[in-house]
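As a plain string of letters, each chain reads:
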Amino acid sequence: MTIEHAAYELFSGNAILFAGAGFSFKSKNSTKKRPLFGDELAAIIADKIGEPANTSLEEVSSYFIEDKGVDCVINFLKEQYQIVSFDDFYNAFILSPWRRIYTTNYDNLIDQILKTNKPKAEIKTSENLTKEVINLHGLCLHINGSIDTINRRNIHDFFKLTSRSYLTKVFTDSDWSGLFQNDLENSGAIIIIGYSFK
C-alpha cells in the first residue's frame, strides 16, 4: 500500500487507527514526562516495592496493589497517564475521519482531543462498550482500559495492567472481537503507530 492510497482511504473515512504506546511519545503527563511504556511501568513499580526489575507487569502490579493499596496505585497511574500537554500535530491527526480508533494505551491523549473537538464522539473501554455504539463511525476503543475511567471497582477487571500477551486474549475472547475482525477485513487501510509486535 502506498502513502497516497492510505491517505485516500483515511480521508474517505475508511481507515482504522491502531495506536500503541509509542503514539503518545510527544505528549506530557503531570510530571512533564511522556507516558511510561509497559516495560518502564513494570520496572518503576518493581523498584517501588523491592521486586526484581524484570518482573512482569501483570505480576508486579498485583504486588503493588497488595503492598500499597488500590488508591495509591490509582493515584500513581493517574500521575503517569493523565496527559497535560501534547504537540499540535496530534489534533489534526486524531480529528481525521477515522472509521474507528483502537488503542492499547491507558493515557487520555486521544480522549482529550476528541472530547474538546468532537463532544459527541464515543470513547469506550471493554467495560462500557454496548451494542448501541459498537458500529459507530469514529468510535475510539481503549483495549486495555482508560485512565479516565479507572476506579477501585474496575481496576482488576477492566484496566489491564498486563503484558502484551493480553492483547491476543482480548482479540480472541472479548465481546467486541467481531467488530475488530470486521474492521480488519473491510477497512481500506489499517494504520498502526507506536505498537511493537515483539
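Above this text sits the structure in question.
This text gives an overview of the structure that appears in the document. (Residues numbered from 1 in each chain as written. Predicted model: local features only at pLDDT ≥ 70, side-chain atom pairs only at ≥ 80, totals over all residues. Heavy atoms only, no water.)

Attention now moves to the packing of aromatic side chains. What the rule picks out here adds up to ten aromatic pairs. Judged by centre distance (5.3 Å) and plane angle (65°), the ring pair of F23 and Y90 falls under edge-to-face. Residue F23 is located in the loop between β1 (15–19) and β2 (27–29), and its partner Y90 is located in helix α5 (residues 89–94); the two are separated by 67 residues in the primary sequence. Y90 matches F23 in its accessibility class, with the two residues each being buried. (Phe/Tyr/Trp six-rings, centres within 6.5 Å; stacked < 30°, edge-to-face > 60°. Helix = DSSP H or I, 4+ residues; strand = E, 2+ residues; numbered from the N terminus. Buried < 20%, exposed > 50% of the residue type's maximum accessible area, 1.4 Å probe, protein only.)

Bringing the sheet that holds strand β6 (residues 139–142) into the picture now. With parallel pairing, the five strands of this open sheet are ordered in space as β5-β6-β4-β1-β7. Only two strands of the sheet have a single neighbouring strand rather than two, namely β5 (123–125) and β7 (189–193). Pairwise comparison of adjacent strand axes, ignoring direction, gives a mean angle of 20° for this sheet. Bridge count between β1 and β7: five bridges; the pairing is parallel. Counted as the bridge partner of I16 is I190 from β7. Together, β1, β4 (100–103), β6 and β7 form the strand contacts of helix α8 (residues 177–186), whose direction differs from that of β4 by roughly 120°. (Pairing = 2+ DSSP bridges. Axes fitted to C-alpha atoms, helices over the stretch in contact; angles between N-to-C directions. Contact = heavy atoms within 4.5 Å.)

Our focus in this paragraph is helix α1 (residues 3–11). Listing the buried residues of α1 in full gives A6, E9 and L10. The arc that holds every buried residue of α1, seen down its axis, measures 100°, which confines them to one face. Turned more than 90 degrees away from the buried face of α1 sit E4, Y8 and F11, all of them exposed. In this fold, the buried residues of α1 make contact with β1 and β7. In the segment just after α1, G13 is the residue with positive phi, at about 80°. (Arc of directions from axis to C-beta.)

Everything listed here is a matter of geometry and, on its own, says nothing about what the molecule does.
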